[in-house]
Amino acid sequence: RDGGGVQGPAYEYIARLFAVSDLSDESESILRWMTMVPYTGIDIALFYDICQLDSYDEINDLIAHSWLRLDEETDILSMHPVIADVVREQLRPNVENGKTYIAGLWREVGSLWFKNQEERARLWPYYARIIRDYYDPIPELWTEFSYLENNAWICARYSLSVELGHRFLNYTKETFPLDNEKIGIAANYLGGCYHNSGDDIHAEPFYEEGLECQKKAIRDDSGYDQWNQLSNAYQKVGRCAYLAGNYEKAEAYFRESMRISEEKCSRQGYYCNAFLEMSSMYLRMGDHENALKFAEESKKLYDAMSGSDNPNSATALTNIGKCRTYLGDHAGAGNALEEALRLNIRFNGSASRQTFWAKEALGDLAAAEGKPDEAL
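Report follows, based on the coordinates. Since the structure is predicted, the reported quantities are computational estimates derived from the model, not experimental observations.

Turning to the packing of aromatic side chains, a few remarks are in order. Tallied over the full model, the rule gives 14 aromatic pairs. Geometrically, the ring pair formed by Y48 and Y56 is stacked, given 4.2 Å between the ring centres and 15° between the ring planes. The exposure class of Y48 is buried, given its relative accessible area of 16%. Here Y56 falls in the partly exposed class, since its relative accessible area comes to 31%. Taking the centre distance of 5.7 Å and the plane angle of 25° together, the rings of Y282 and F294 count as stacked. Residue Y282 is found in helix α15 (residues 271-285), and its partner F294 is found in helix α16 (residues 288-306); the two are separated by twelve residues along the sequence. Judged by its relative accessible area of 7%, F294 is buried. One aromatic cluster is present, formed by Y271, F275, Y282 and F294 through successive ring pairs. Directly above the aromatic system of Y253 lies the positively charged group of K249, at a separation of 5.4 Å from the ring centroid.

Its place among the elements puts N116 in the loop between α6 (99-108) and α7 (117-134). Separated by 3.1 Å, the side chain of N116 and the backbone nitrogen of E118 make a polar contact. Not counting residues within four places of it along the chain, the set of residues in contact with N116 comprises R346 and F347.

Here the focus is a negative patch on the surface. A cluster of like negative charges, contributed by E26, D54, D57 and D61, occupies part of the molecular surface. Residue placement: D54 occurs in the loop between α3 (44-51) and α4 (57-64). The exposure class assigned to D54 is exposed, which follows from its relative accessible area of 72%.

All right, on to the pattern of salt bridges then. Enumeration according to the criterion identifies 27 salt bridges in this entry. The shortest N-O distance in the salt bridge between K300 and E297 comes to 3.6 Å. With K300 and E297 both in helix α16 and three residues apart, the pair spans about one turn of that helix. Exposure remark for K300: the relative accessible area of 54% places this residue in the exposed category. With its nearest N and O atoms 2.9 Å apart, the salt bridge here joins R324 to D329. We classify D329 as partly exposed; its relative accessible area is 29%.

So, on to the nonpolar core. Taken as a class, soluble globular proteins show a tendency for nonpolar side chains to be buried jointly. If you look at the biggest cluster of nonpolar residues, it comprises 82 residues, and the most contacted ones within it are I30, L31, M34, I42, F47, Y101 and F145. By residue number, the principal contributor to this core is helix α11 (residues 180-196), which donates eight residues. F145 has contacts with V95, I102, I130, Y134, Y135, D136, P137 and F168, leaving out every residue within four places of it along the chain. A250, F294, I320 and A361 belong to the second-largest nonpolar core, a separate cluster that totals 36 residues.

Two elements in contact, α15 and α16, have axes whose closest approach is 8 Å; the angle formed by their N-to-C orientations is 155°. Regarding the angle of α15 to α16, the classification is roughly antiparallel. Considering how the two elements wind past one another, α15 and α16 form a crossing that is left-handed. Only H288, N290, A291, F294, A295, E297, S298, L301, Y302 and M305 of α16 make contact with α15, whose side of the interface consists of Y271, C272, N273, F275, L276, M278, S279, Y282 and L283. Of the residues that constitute the contact of α15 with α16, the class distribution is 13 nonpolar, five polar and one charged.

Before going further, it helps to spend a moment on the packing of α6 against α7. The contact between α6 and α7 brings their axes to 11 Å, and the two run at 145°. Helix-helix and strand crossings are classified by hand; for α6 and α7 the assignment is left-handed. Contacts from Y101, I102, L105 and W106 of α6 reach α7 at Y126, Y127 and I130. Residues of the contact of α6 with α7, tallied by class, amount to seven nonpolar, no polar and no charged.

Right, let's get into the sheet that holds strand β2 (residues 69-71). In spatial order, the strands read β1-β3-β2; together these three strands make up an open sheet with antiparallel pairing. The open sheet has two edge strands, β1 (42-43) and β2, and neither has a second partner.

Taking 1.5 Å as the rise per residue, helix α19 (residues 353-368) with 16 residues should run 22 Å; its terminal C-alpha atoms sit 23 Å apart, in good agreement. When α19 is considered as a whole, its buried residues turn out to be Q354, T355, A358, A361, L362, G363, L365 and A366. The inward-facing, buried residues of α19 contact α17 (311-326), α18 (330-348) and α20 (372-375). Just past α19, the residue G370 takes up positive phi, approximately 75°.

What follows covers the environment of L283. Tracing the sequence through the fold places L283 in helix α15. Residue L283 is classed as buried on the basis of its relative accessible area of 16%. In sequence terms L283 and I130 are 153 residues apart; their C-alpha atoms lie 41 Å from each other. If we skip the residues at most four places from it in the chain, L283 touches H288, A291, N319, K322 and C323.

What counts and how
Residues numbered from 1 in each chain as written. Predicted model: local features only at pLDDT ≥ 70, side-chain atom pairs only at ≥ 80, totals over all residues. Heavy atoms only, no water. Phe/Tyr/Trp six-rings, centres within 6.5 Å; stacked < 30°, edge-to-face > 60°. Buried < 20%, exposed > 50% of the residue type's maximum accessible area, 1.4 Å probe, protein only. Helix = DSSP H or I, 4+ residues; strand = E, 2+ residues; numbered from the N terminus. Lys NZ or Arg CZ within 6 Å of the ring centre and 35° of its normal. Polar contact = N/O pair within 3.5 Å; in protein donor to acceptor, adjacent residues only side chain to side chain. Contact = heavy atoms within 4.5 Å. Patch = residues over 30% accessible without salt bridge, like charges linked within 9 Å, V, L, I, M, F, W, Y side chains within 5 Å. Areas by Shrake-Rupley, 256 points an atom, 1.4 Å probe, with all protein chains shown as cover. Salt bridge = Lys/Arg side-chain N within 4 Å of Asp/Glu carboxyl O. Lys, Arg positive; Asp, Glu negative; His and termini not counted. Charge placed at Lys NZ, Arg CZ, Asp CG, Glu CD. Core = buried A, V, L, I, M, F, W, Y, C linked by side-chain atoms within 4.5 Å. Axes fitted to C-alpha atoms, helices over the stretch in contact; angles between N-to-C directions. Parallel < 35°, antiparallel > 145°, perpendicular 65-115°, else oblique. Left-handed = near helix turned anticlockwise from the far one by under 90°. Nonpolar A, V, L, I, M, F, W, Y, C, P; charged D, E, K, R; others polar. Pairing = 2+ DSSP bridges. Expected span 1.5 Å × (residues − 1).

The structure is reproduced here in C-alpha cells:
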C-alpha cells in the first residue's frame, strides 16, 4: 500500500501488517495462547474449551485474516511459525499472560495416566511445548506446573521428568519455604520420577523427605486431599523399605496408609494402591497366598473406582497372574496375564516396564506348564 519494494524477509512484512492491524484485546490474547500450542496445531473445540471463549467470532476473524489457519477436514487450528515469531516479538507471551491457557489445559486434559497410548501421544505435545518454552512456574499455577514432571514420565520422558522434578522442588522450597504440604508433594513427585525411571535408590530420600514434610503439615482438621497425600507418602516409603528387604517397616507403613485412608478418606484415593503395594511385598517375600489376596482386593478397588479398563488394574492383574502361577492355577494365571498384557500395551506401550513385567510373567507361566519354546 505504501509503494515500497517487495524485497525483504516475510517476518518484516508480517510485522508491519501486525503494526497496522486493529486487533482486539481478545484476539491478541488468542494469538498469545496459540504460541503455546505446537506448530502442528490443536483441535479447535479443545482450544475453545481450554481458553473458555464466549464464541468463535474472534477465532474466525483471525482465520479470515490469515493470522491463524484451520484445516477444515481435521478441525485442527494452527499458527504459521513465522507468524508465531512475530506474535512473540510483538505481544511477549509468557506464563503470566498465558495462564488462562495453561490452567485450562490442566482443567480439560489433566493427568495423562488414564489416557491410552494413542491419546498420550496426541496430547503430550501440548505439555511438551509448555515445558520447552514456558517452564517458569508462578504461585497461581503451582498445581498445574507440579504435574508436568508426572506427565513426562507417563509419556516415557524419564530423564526430562527427573530434571523437571528437581527444578520444581527447588522452586517450591524457594517460593513456599514454610509450606510443608507443598514441599512434601513436590518431593514425593520427584521420588516418583526416579521410581518410574527404574531408579528406586535415588527415589528413596525424596520419598522420605516427602513423608516427613507431610507429617509436619497435617492437622486434625486437614481436608481430604491432604490426608490422601499423607496416605500416599506412607506407601512410597513403605515400598522403598520392602525393596530394601525391611518387610516389617514396609508393612507398618502400608497399614498406616490404609488406616489414614479408612478414617480420613472414606477408602478413596490412594487407598487402592496400598493393597497393590502389600501384594508386591508379599510376592517378594514368597507368600503367594497373601500376595494373591491383596492383589485381588486391589483389582476390585481399581475397577470400582475407574472401571476395568485402566492401567492400575493391569499391574494388579500381573501380580494375580504371578501368584496363580506359583499356586498351580495355570488357567487362572493365563487369563490374568493376557489381560494385563493387553491393558499395558494399550496404555503404556509395548516397550514399557509394565509391559515387560507382564511378558516376563507369561514366560514364567509357559515354563511352569512345560512349554519351553513358548516361554522363550
